[in-house]
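One letter stands for each residue in the lines below.
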Amino acid sequence: MENASELDVFRRDVKAWVQNNFPSSLAGQDLAGLAGGESGARANDEVKTAMETWRQRLAEKGWGAPTWPVEYGGAGLSHPEANVIGEEIFQAGAYNPIPHMTGMGVTMVGPTLLEYGTDEQKAQHLKGIASGEIRWCLGLSEPNAGSDLASLSTKAEDKGDYFALNGQKIWTSGAHISQWCGALVRTDSNAGKRDGISFVMLPMQQEGVETRPIRLISGVSPFCETYFSDARAEKGDLLGNLNDGWSVVKRLLQHERQSQTGGQGASMLDSEPLHVKAQRFVGSDEDGALVDKDLRQRLVRNYMDATAHRLTAERITAEAAGRVEVSAAASILKNSNTRVAQTKAELALEIMGSQGIGWSGDDFAEEELGIVREWLAGKAMSIYGGSYEVQNNIISKNVLGLPETTQKG
Amino acid sequence: MENASELDVFRRDVKAWVQNNFPSSLAGQDLAGLAGGESGARANDEVKTAMETWRQRLAEKGWGAPTWPVEYGGAGLSHPEANVIGEEIFQAGAYNPIPHMTGMGVTMVGPTLLEYGTDEQKAQHLKGIASGEIRWCLGLSEPNAGSDLASLSTKAEDKGDYFALNGQKIWTSGAHISQWCGALVRTDSNAGKRDGISFVMLPMQQEGVETRPIRLISGVSPFCETYFSDARAEKGDLLGNLNDGWSVVKRLLQHERQSQTGGQGASMLDSEPLHVKAQRFVGSDEDGALVDKDLRQRLVRNYMDATAHRLTAERITAEAAGRVEVSAAASILKNSNTRVAQTKAELALEIMGSQGIGWSGDDFAEEELGIVREWLAGKAMSIYGGSYEVQNNIISKNVLGLPETTQKG
Amino acid sequence: MAALTEEQSILKDQASSWVESQLPVQKFRDFRNSNSDGGFDPEAWSAIVEMGWTGILVPENYGGSDLGYLTFGLILEQLGRQLCASPLFASAYVGATAINLGGNEEQKQSWLPKIVDGSEILTLAVDEQSRHNRDQVQTTATATDQGYELNGAKTFVLEGMSATTFVVAAKTDAGDIALFLVPADSAGLSRQGMSTVDSRDYARLTLSGVEVGQGALLGAMQGSQLYGRVLDRASAGIAMEMLGVGCYAFEMTLDYLKTRKQFGKVIGSFQALGHRAAELYSSQEMARSCAEAGVTAIDQGADDEAAMSAISKAKTGEFLFDMSNQLIQIHGGIGMTDEFDAGLYLKRARVLETTYGNQAQHRDRYASLLGF
Amino acid sequence: MAALTEEQSILKDQASSWVESQLPVQKFRDFRNSNSDGGFDPEAWSAIVEMGWTGILVPENYGGSDLGYLTFGLILEQLGRQLCASPLFASAYVGATAINLGGNEEQKQSWLPKIVDGSEILTLAVDEQSRHNRDQVQTTATATDQGYELNGAKTFVLEGMSATTFVVAAKTDAGDIALFLVPADSAGLSRQGMSTVDSRDYARLTLSGVEVGQGALLGAMQGSQLYGRVLDRASAGIAMEMLGVGCYAFEMTLDYLKTRKQFGKVIGSFQALGHRAAELYSSQEMARSCAEAGVTAIDQGADDEAAMSAISKAKTGEFLFDMSNQLIQIHGGIGMTDEFDAGLYLKRARVLETTYGNQAQHRDRYASLLGF
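The residue count restarts for each chain, going from 1 along the sequence in the order it is written. Each chain gets a letter, beginning with A, and each ligand a number, beginning with 1, in the order they are written. Only residues with pLDDT of 70 or above have their local features reported here, since the model is predicted, and side-chain atom pairs are shown and tallied only from 80 upward, although totals for entire chains, interfaces and linings are computed over all residues. Each side-chain value is derived from all of the structure's non-hydrogen atoms; neither hydrogens nor water enter the calculation.

Focus: the packing of aromatic side chains
Note on ring pairs: Phe, Tyr and Trp rings are taken, using the six-membered ring of Trp, and paired if centres are within 6.5 Å. Classes follow the plane angle, with under 30 degrees stacked, over 60 edge-to-face and the rest tilted. Tallied over the full model, the rule gives 36 aromatic pairs over all chains. Consider the rings of W17 of chain B and W63 of chain B, whose centres lie 4.8 Å apart with planes at 65 degrees: the pair is edge-to-face. Of this pair, W17 of chain B sits in helix α1 (residues 4-21) while W63 of chain B sits in the loop between α4 (45-61) and α5 (79-91), placing them 46 residues apart in sequence. When accessible area is computed with a 1.4 Å probe and restricted to protein chains, residues below 20% of their type maximum are described as buried, those above 50% as exposed, and intermediate ones as partly exposed. Its relative accessible area of 6% is what places W63 of chain B among the buried residues. An angle of 15 degrees between the planes, with centres 4.9 Å apart, marks the rings of F156 of chain C and Y202 of chain C as stacked. In this text, helices come from DSSP runs of H or I with a minimum length of four residues, and strands from runs of E with a minimum of two, each type numbered from the N-terminal end.

Here it is as structure tokens:
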């Protein structure tokens, strides 16, 4: 661990900077929503301008991706320092929009580029990510592949100085609003299932790429079907070696798991603690205990699970002493984070009763509607980024060393 | 279903008969324990005599195995009628000891004999079972086989007019106090795993059979290791065809599941309803609700699960219209019965606090000690007779028609 | 617990094939897409009336068939399977129950035949806060010379925009809760639709100085006793619909387990999923037993009708909660899309869960009924 | 939450190898088989004293090492792994805590060195009914000219037959609960051993007219506050022992999953069991974080010491409950035999669960502390 007192000094500086630089007009806004594609587009001009100012200020400090080298737009900070930045921004009621604005850029593409990219590739791509200006999507899943990524059939044909891509991707997050895409493609049809695969990067604004948003049960469309028809990826945009895309994507997915192990994201669910919401909707008895004891008991379990998850994340970080290593613990944390969050959303709905089943209209508070949508959207947490079952396979095999089963569910 | 009014008449007759014939000196005794091997041996003479009278009276009516044909010691009754007998005996605070006294006889060996036995075999064996005079054990499991029954290695060598058995069985229930054994043995070592197996019956009182009781965590020894050293089974005691023992045992195990789907057994746990026990140990608030609301909530769930189990057992019986058919539902019922019973025992322990961890001595009421032993013994419910996991395999494959996995746990 | 009679089995089969052929879930989806304000398909409603389902709880001398609660429940189950929207439950189950139990001869004669022929759509207006609480009724019914004056507000009223008459729970001058028949077009009554996740018809009501006659009071049974029994029976009915929703979700999931391939195998061959399916199936069978027992207890006039109602709602709730979540989880990404039906079942499941008390409330009620 | 310091890691490793080599579970089994009345192995106790573990919570000027609660917890975890029986926890953790927090200088000087050198064995006598309830203290301490007279009865006193001094919770004349040091050989004090499933030393005490001096009262902190804090810290300590019991049970199970074959494969390759192992492992990691956080909060003097203690006991309880049941289940028939160790862990698990409040009580306490 860092020297605690140095970190304390750093924290004081960060706190002051955030207070001085976070635009007051953004306070209380749905910042996560604004940073995302859909509601961001609907925001008014004043808010948009303030958001842009805030982004620029963060980008200048290199705090969009604080642990990246300064030359690539980061701030060259340690992980504990980066955590301090996140915590202080959260404490101030602010929000760091850059990771969100870059789609998969900060969390997945960047760290993988840092490891597998050539100097040219890093110089070309990283700054745009760290500054929040370039949004990335990832073309990994395909229809009928699901958790079985390696059964992909999108082909990249060698055309001399470029590859021509043909095929269909699905669940491409934010494809319709992204500038770049990292795609997993088959470059050798004769090789084994995981051998003939490569990872290429390509710009989305080109004729051979078409995106169709998929409407989800929560009513939003953050994902697309993405069609490649002779889409062009330059040879220089091949990440990692030809036909070695599987190792690139494995690393990418580790970063994904890592990014899904829970953190501080502003959400409707967080704006009022569940027990306060329950006191409001359900009421308390003369001892101050919730009237609905069955609910109370399950609420305590969820609180304890949330604490256990947080403590475990902290312990694992501390034990790894801040090293970048993507721990095998990521699978455990992803599943516990999912369980806690999904249960929390269900509890919030239960607490709100018939106010927790609203879809739209003035009959429901904005927060109530937001929680319902978040509940629905959150069902994806145990599906995407390696399903709950896939994480259990990983724990069973990689962490516990149990023999591989012939069946991965 | 039977005509209800006929059944009502029958019920009235049974009720009267039980009232007139159940020895009053047995009222309030631990009848299940008496019928079993260990505590039965410790009972005083008066109780033993009364128990013997009660057994004879039941046997004369054919009520040890009421659905079996009269010529084989049964009463030739329908299943609904047999259920009425069971219910009325239970209602009267009495207990039918015959099934218990015969070990595996009434529940498993008899029904299988009725189906697979020759006329000679039925005539020789069934009456002794139906009357409660002959106790049977089953030599199925072997060390290192566990749920994988078919990997057995006990051999039966053809010696002309008899088989010579050599090998070791384990978990032979009551082997040390049984007169007869049904054993699964390998009669063709060259055939496939499930093909060269036969089912033979042999008397236990012979030189080639040795039994060693296994002490369990509950402190009792209801099971044995059973060693065969040239043990003799007559050719005429082969049940089913040679090398077709696997189909006999499959049927036997269906009867076992059926017998473990829950029923009326006298137990320490049943003598005081859990919520009454909780009122006694935990106390109630002014509204009459248990003070420990977390416990109360889990108690309700267990009560509801118990009711759901009972209703499902009744519904399935009614839907099968009393036919003998061994329903595929047996696996569901075995697991739900297990879950309810094991949870109930855990709840009882929790309710009793430090009185629920007693092993012996006057510091604990006899009932308290009995519940602790029952809690420990009950852990076997999800292991024996096809483990919880094996039942789920059966449901998944046989009931739901999901494809067989290469892995059966 | 008895098996279904032959008559019940036949009716159930008929309902099943009618619903699957005439009102598959696609119909509900089309309706939702065309009309996001909730409601139901009037053609389907006419057919339902024509088939006599509205008369199942109505005695023969009032134009019904008097086939009982289990039979009605079997119909609700079938409708639940395809998420059919209709006021059948609100009017011909809950409304008819209120009139049957609480109506005098005159009231029965004037209301029951209209429930049967569909010319009146009744519904219970009970909740006043977002969480169902049968003891929390603030709406008042003050005696006047002509009858009663009702004041208060109600929320989450099922079929609230389609109903022609509300069965309103209100506090009398004596402090008792009683049920009053209030025509939807009464002066002083206003209603507003609620847009809910399940795209059905719910409304908030405001009653300010609503005048009704003496005949509005359902007084054949003591007020709060009537009110409690109507709610118990309503819960048992909801449980049957929930059973249908859950069973269809199970079948969709089982089908997917048998057809969807990953890693070169159908996913149902993965033991972890096979065992999960086994657990869900077991939970479904338990839920069925409890749900059928809930309505059967009403038919039998059983002493434990209230307790069985609590069990039926709680246990089907438990099954449907897990099942609707697993429906999404096992279908994976496709389950998250609006185009696929899983979301419709999930959303409906949560609305039914909160209707007339959720699992926790019914567990609490059960323990209280048993005295601990 | 911080990682272990190097010093802590070294001590933990040393404790681990000493326990595994010197006091494997077989030692406990031998002891149990030879002496069914509970108790502990005096040789092991001497060695524990010699290694200085009895002084971990004692300040250096009283002969201890003052290494703190997390360090003590790590030792308890190691002892828990092999079910080692000793009065270390009762005396040098709970007893020392009571003296540290509640003793005046004179009391510290006279008791702490004796706790460290093992010449005194202290233990808390708190429960009076079978279910732990910190508010239910009926034992009275009436002021006399010389000191106090104690009357009452206690049950489930840890190491109750070996203890030389009891730390008795009793109600003072003012109605406050306070802690009193009562020598085991006091006139009027009698004790009786309890034969429990885990074959450890527990006793019932009877105090009738037990006279103690003024110096018996631990009065440096307000009585009921002291009492509450001792119980909170005791719960956090038990959680660390529970963690050890559970972790060893997990390792036994994992080992079995890797070696036991059925149907021609090691059973750990069956997906349903592999996933169950994954869930148990996750639960173990969560339990470890909570248990370590519980004792760390004491070391840090954290505001939420009480809440963290409740979480630590509840979450390790949850893990150990599931783990001890799965230990038997996954081992199958062999797990049911007395010859195999699984039963010993299961039995110990349930005793620890009920010690100083079970999961439910700690969940309730946690909610109360958070104000809901």
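A word on the pattern of salt bridges
We count a salt bridge whenever a side-chain nitrogen from Lys or Arg sits within 4 Å of a carboxyl oxygen from Asp or Glu. Counted under the stated rule, the structure contains 92 salt bridges over all chains. The partner of K193 of chain A in a salt bridge is D148 of chain A, and the shortest N-O contact between them spans 3.1 Å. In this pair, K193 of chain A sits in the loop between β4 (180-186) and β5 (197-203) while D148 of chain A sits in the loop between β1 (136-139) and β2 (155-158), placing the two residues 45 residues apart along the sequence. Here D148 of chain A falls in the buried class, since its relative accessible area comes to 5%. Between R212 of chain B and E210 of chain B there is a salt bridge; the shortest N-O distance is 3.4 Å. The exposure class assigned to E210 of chain B is partly exposed, which follows from its relative accessible area of 40%. Each of R11, K15, E87 and E88 of chain A takes part in one network of salt bridges that share partners.

Observations regarding the interface of chain D and chain B
Taken residue by residue, the interface counts 45 residues in chain D and 47 residues in chain B. In this description, buried area is defined as the sum, over both parts, of the accessible area (probe of 1.4 Å) that is lost when the two are combined. For the pair chain D and chain B, the summed buried area comes to about 3700 Å², and 56% of that belongs to carbon and sulfur atoms. Scanning the region where chain D abuts chain B turns up six salt bridges. One salt bridge connects E346 of chain B with R350 of chain D, and the closest N-O pair in it is separated by 2.8 Å. Any pair of N or O atoms that falls within 3.5 Å is considered a polar contact. Within protein, one atom must be able to donate a hydrogen and the other to accept it, and sequence-neighbouring residues count only if both atoms are side-chain atoms. Inspection of the chain D/chain B interface yields 21 residue pairs in polar contact (both at pLDDT 80 or more). Mapped by element, the contributors of at least two residues to the side of chain D that touches chain B are β3 (147-158), β6 (189-196), β8 (261-262), α8 (271-299), α9 (305-331), α10 (333-336), α11 (342-354) and α12 (359-370) of chain D. Every residue pair with non-hydrogen atoms within 4.5 Å of one another is taken to be in contact.

A closer look at the nonpolar core
With 354 residues, the main nonpolar core has Y93 and L150 of chain C together with W53, Y93 and L150 of chain D as its most contacted residues. Setting aside its immediate chain neighbours within four residues, Y93 of chain D contacts L57, Y69, F72, L76, L88, R233, A234, A236, G237, V295 and I298 of chain D. Nine residue types can take part in a nonpolar core, namely buried Ala, Val, Leu, Ile, Met, Phe, Trp, Tyr and Cys, and a core is a set of them joined through side-chain atoms within 4.5 Å.

Focus: the domain arrangement of chain C
All names here are of chain C. Residue ranges assigned to each domain were obtained from an automatic or database domain assignment. For chain C, the domain assignment lists domain 1 (6-89 + 97-118), domain 2 (123-216) and domain 3 (223-369). Once you take the C-alpha centre of each, domain 1 and domain 2 turn out to be 23 Å apart. On the domain 2 side, the residues contacting the 16 residues of domain 1 number 13 residues. Interface of domain 1 and domain 2: buried area, both sides summed, is about 1100 Å²; carbon and sulfur atoms make up 61% of it. Taken together, the links from domain 1 to domain 2 amount to zero salt bridges. At the boundary of domain 1 with domain 2, the tally comes to three residue pairs in polar contact (both at pLDDT 80 or more). The set of elements that each furnish at least two residues to the side of domain 1 that touches domain 2 consists of α2 (25-34), α5 (88-102) and α6 (105-117).

Examining the interface of chain B and chain C
Bring the parts together and some accessible area is lost; that lost area is often taken as the interface size. Counting residues at the interface gives 43 residues for chain B and 42 residues for chain C. A buried area of about 3400 Å², summed over both sides, lies between chain B and chain C, and 64% of it is on carbon and sulfur atoms. Summed over the three residues of chain B that lose the most area to chain C, namely M304, R315 and L400 of chain B, the buried surface amounts to 20% of that side. Remark: the boundary between chain B and chain C carries four salt bridges.

Considerations on unusual backbone geometry
Although it is not a glycine, L83 of chain C sits at a positive phi angle of roughly 55 degrees. Mapped onto the secondary structure, L83 of chain C falls in the loop between α4 (69-81) and α5.

Some remarks on the packing of helix α1 (residues 6-22) of chain C against α4 of chain C
Residue and element names in this part refer to chain C. Orientation is described by lines fitted to C-alpha atoms, with helices fitted over the stretch in contact, and by angles between N-to-C directions that extend from 0 to 180 degrees. Direction vectors running N to C along α1 and α4 enclose 20 degrees, while the axes themselves pass 9 Å from each other. What the angle tells us is that α1 and α4 run roughly parallel. In the crossing of α1 with α4, the sense of the turn from one axis to the other is right-handed. Counting all contacts with α1, which are made through Q8, L11, K12, A15, S16, V19 and E20, the residues of α4 involved are L70, T71, L74, I75, E77, Q78, L79 and R81. Residues were grouped as follows: Ala, Val, Leu, Ile, Met, Phe, Trp, Tyr, Cys and Pro as nonpolar; Asp, Glu, Lys and Arg as charged; and all remaining residues, including Gly, as polar. For the contact of α1 with α4, the per-class residue count stands at seven nonpolar, four polar and four charged. Our angle categories are set so that under 35 degrees counts as roughly parallel, over 145 as roughly antiparallel, 65 to 115 as roughly perpendicular, and the remainder as oblique. Crossing handedness follows the turn of the near helix against the far one: under a right angle anticlockwise gives a left-handed crossing, and clockwise gives a right-handed one.

A few points about the pairing of β6 of chain D
Across two bridges, the pairing between strand β9 (residues 358-360) of chain B and β6 of chain D is antiparallel. Along β6 of chain D, the bridge assignment pairs G358 of chain B with T196 of chain D. Here β6 of chain D folds back onto strand β7 (residues 202-213) of chain D in antiparallel fashion, the turn holding five residues, of which S199 of chain D has a positive phi close to 55 degrees. Two strands are said to pair when DSSP picks up at least two bridges between them.

With respect to the domain arrangement of chain A
Residues and elements named next belong to chain A. Its domain assignment divides chain A into domain 1 (4-98), domain 2 (136-252) and domain 3 (260-399). A C-alpha centroid distance of 32 Å is found between domain 2 and domain 3. Between domain 2 and domain 3, the buried area comes to about 650 Å², and carbon and sulfur atoms account for 64% of it. Linking domain 2 to domain 3 there are zero salt bridges. At the boundary of domain 2 and domain 3, one finds one residue pair in polar contact (both at pLDDT 80 or more). Residues that form the side of domain 2 that touches domain 3 fall into these classes: three nonpolar, three polar and two charged.

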